[in-house]
Amino acid sequence: FVRQMIADVFDCEARVSDHDEASAFGAAMYAGLATGVLRSLDDVRAQLKISSMHRPDKRVAEAYREAYARFSDRVRDELGRLARPGLKSPSPTAD
């Protein structure tokens, strides 16, 4: 579910590595690049094995884009409201 949602939200393929410790593998690949053991991202790609891939559902991706646009508009409106001269932000209250 989460990987499909990532593909839909970002409207791109979400590829899943077959490495059990993908984070450690990624750190090792960065170390290999930094030390020169691996010369390029092509060397890193040669080490990757993809176990599955999730492609975005275009209808769902569009729904996320529309929802994000509404959210962005609302945040911009609220920030503009708070920026008006003489308007103070709510003070935190002690519980």
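Higher on the page you've got the structure.
The rules behind the values
Residues numbered from 1 in each chain as written. Predicted model: local features only at pLDDT ≥ 70, side-chain atom pairs only at ≥ 80, totals over all residues. Heavy atoms only, no water. Helix = DSSP H or I, 4+ residues; strand = E, 2+ residues; numbered from the N terminus. Phe/Tyr/Trp six-rings, centres within 6.5 Å; stacked < 30°, edge-to-face > 60°. Buried < 20%, exposed > 50% of the residue type's maximum accessible area, 1.4 Å probe, protein only. Expected span 1.5 Å × (residues − 1). Arc of directions from axis to C-beta. Contact = heavy atoms within 4.5 Å. Patch = residues over 30% accessible without salt bridge, like charges linked within 9 Å, V, L, I, M, F, W, Y side chains within 5 Å. Areas by Shrake-Rupley, 256 points an atom, 1.4 Å probe, with all protein chains shown as cover. Salt bridge = Lys/Arg side-chain N within 4 Å of Asp/Glu carboxyl O. Polar contact = N/O pair within 3.5 Å; in protein donor to acceptor, adjacent residues only side chain to side chain.

### Let's talk about unusual backbone geometry
Here Asp-11, not a glycine, exhibits a phi torsion of approximately 50 degrees, which is positive. With respect to the element layout, Asp-11 can be found in the loop between helix H1 (2-10) and strand E1 (14-17).

### Observations concerning the packing of aromatic side chains
What the rule picks out here adds up to one aromatic pair. Ring centres of Tyr-68 and Phe-71 lie 6.2 Å apart, and the angle between their planes is 40 degrees; on these two criteria the pair is classed as tilted. Taken together, the residues Tyr-68 and Phe-71, both in helix H4 (residues 58-82) and three residues apart, mark about one turn of the helix. Its relative accessible area of 54% is what places Tyr-68 among the exposed residues.

### Considering helix H2 (residues 22-35)
Along its 14 residues, H2 runs 20 Å from first to last C-alpha, staying within 8% of the 20 Å computed at 1.5 Å per residue. The complete set of buried residues in H2 reads Phe-25, Met-29 and Gly-32. Around the axis of H2, the buried residues are gathered within 60 degrees of arc, so they sit on the same side. What points out from H2, more than 90 degrees from its buried face, is the exposed set Ser-23, Tyr-30, Ala-34 and Thr-35. Of the surrounding secondary structure, the elements contacted by the buried residues of H2 are helix H3 (41-47).

### Regarding a nonpolar patch on the surface
A cluster of nonpolar side chains, Phe-1, Val-2, Ile-6, Val-9, Phe-10 and Tyr-64, forms an exposed patch at the surface whose accessible area comes to about 650 Å². Checked against the element boundaries, Val-9 lands in helix H1. Using a relative accessible area of 39% as the deciding quantity, one classes Val-9 as partly exposed.

### Looking at the environment of Ser-40
Here Ser-40 lies in the loop between H2 and H3. Here Ser-40 falls in the partly exposed class, since its relative accessible area comes to 26%. Within the structure, the side chain of Ser-40 is placed 3.2 Å from the backbone nitrogen of Asp-42, a separation counted as a polar contact.

### Quick word on the environment of Arg-3
Considering the arrangement of structural elements, one finds Arg-3 in helix H1. Here the alpha-carbon distance between Arg-3 and Pro-56, two residues 53 residues apart in the chain, equals 9.8 Å. Not counting residues within four places of it along the chain, the set of residues in contact with Arg-3 comprises Ala-14, Val-16 and His-54.

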